[in-house]
Amino acid sequence: ICSKSTNSKSFKIFTIFFNQADKTCGLKRFKQRIIKQMTPYIEQSGVKIVCDENLKTKPLEMVKALMDFKTAIDTCIRVSFNDDMDFQKARDESFRVFMNKFKQTPQFIALHLDNAQKDTFKQQSMEMIKAEIDQVIKLFCCLNGRDEFIEAYQILLADRLLNKLSVSDEAEEE
């Protein structure tokens, strides 16, 4: 459904076709057929990320892979399906399914954000920092273990503040 190149001729034709189908009868069945194909793709691709043995030992790389995957799927839904709510709901449910297969996902997301506050944000503008935080929030929304994330993040935040390890107070406030 989502090719890497959203500029390809076939991709543009598909988008036009979907937009035209939106104006005719049978759209609901058409959307359901696409969603039925899309959701297993998202879940299987996501499981490959969270169950990758190599990434399980590299929390920052795993979270980066999750953010990149989420961005790609979000772009596909925005460009191909005009951010249609049915596609957004299916995407969100698919992300919930696979992100919660690995119990340490909440802690890994907290570690990623902590690392960004200590290091990554040094080289970024406030706009880039906000964009990164928005990506983390989008992942956070897919977690069942939100309490685990909050608990892990609070511990990391306390350590950063006590040891003055934050890059910027402004970034902390975001």
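Student: It is not clear to me how the overall build of the protein should be interpreted in this structure. Could you clarify?
Tutor: If you tally the helices and strands in the protein, you get nine helices and zero strands. For the protein, the exposed surface amounts to about 10400 Å²; the carbon and sulfur share of it is 53%.

Student: Just checking my understanding: could you explain helix 4 (residues 59-81) for this structure?
Tutor: Residues that lie three or four places apart on an α-helix share one face, since the helix turns once every 3.6 residues. For helix 4, built from 23 residues, the straight-helix expectation of 33 Å at 1.5 Å per residue is met to within 8% by its first-to-last C-alpha distance of 32 Å. Remark: Asn-82 follows helix 4 within two positions and exhibits a positive phi of approximately 50°.

Student: What is the right way to read the confidence of the model for the protein from this model?
Tutor: Predicted coordinates in regions of low pLDDT should not be interpreted in detail. Of all residues in the protein, 79% attain a pLDDT of 70 or more, and the chain-wide mean is 83. Within the protein, no element has a lower average pLDDT than helix 9 (residues 169-173), which sits at 57, and none a higher one than helix 5 (residues 85-99), at 95. The model gives residues 3-7 a pLDDT under 50, and that stretch makes five contacts with residues more than four places away or in other chains.

Student: What exactly am I supposed to notice about the nonpolar core here?
Tutor: Nonpolar side chains in soluble globular proteins generally cluster together in the buried interior. By size, the foremost hydrophobic cluster in this structure holds 38 residues, and its most contacted members are Met-62, Phe-95, Phe-98, Met-99 and Ile-109. Of all the secondary structure elements, the ones that give two or more residues to this core are helix 2 (27-50), helix 4, helix 5, helix 6 (105-118), helix 7 (126-140) and helix 8 (146-162). Among the elements that take part in this core, helix 4 stands out by supplying nine residues, more than any other. Leaving out residues up to four positions away in the same chain, Phe-95 has contacts with Ile-42, Leu-66, Phe-69, Lys-70, Ile-73 and Cys-142.

Student: Explain the packing of aromatic side chains to me, please; I cannot follow it from the model alone.
Tutor: Centre distance and the angle of the planes are the two values used to describe a pair of aromatic rings. For the structure shown, the criterion picks out seven aromatic pairs. The residue whose ring lies beneath Lys-70 is Phe-95, and the NZ or CZ to ring-centre distance is 5.4 Å. Taking NZ or CZ as reference, Arg-146 lies 5.6 Å from the ring centre of Phe-140, over its face.

Student: When you look at the environment of Lys-118 in this model, what are you seeing that I'm missing?
Tutor: Positionally, Lys-118 belongs in helix 6. Overall, the relative accessible area of 29% leaves Lys-118 in the partly exposed class. Put simply, Lys-118 and Lys-164 are 46 residues apart on the chain and 9.3 Å apart in space, counted from C-alpha to C-alpha.

What counts, and where the lines are drawn
Residues numbered from 1 in each chain as written. Predicted model: local features only at pLDDT ≥ 70, side-chain atom pairs only at ≥ 80, totals over all residues. Heavy atoms only, no water. Helix = DSSP H or I, 4+ residues; strand = E, 2+ residues; numbered from the N terminus. Areas by Shrake-Rupley, 256 points an atom, 1.4 Å probe, with all protein chains shown as cover. Expected span 1.5 Å × (residues − 1). pLDDT = per-residue confidence, 0-100. Contact = heavy atoms within 4.5 Å. Core = buried A, V, L, I, M, F, W, Y, C linked by side-chain atoms within 4.5 Å. Buried < 20%, exposed > 50% of the residue type's maximum accessible area, 1.4 Å probe, protein only. Phe/Tyr/Trp six-rings, centres within 6.5 Å; stacked < 30°, edge-to-face > 60°. Lys NZ or Arg CZ within 6 Å of the ring centre and 35° of its normal.

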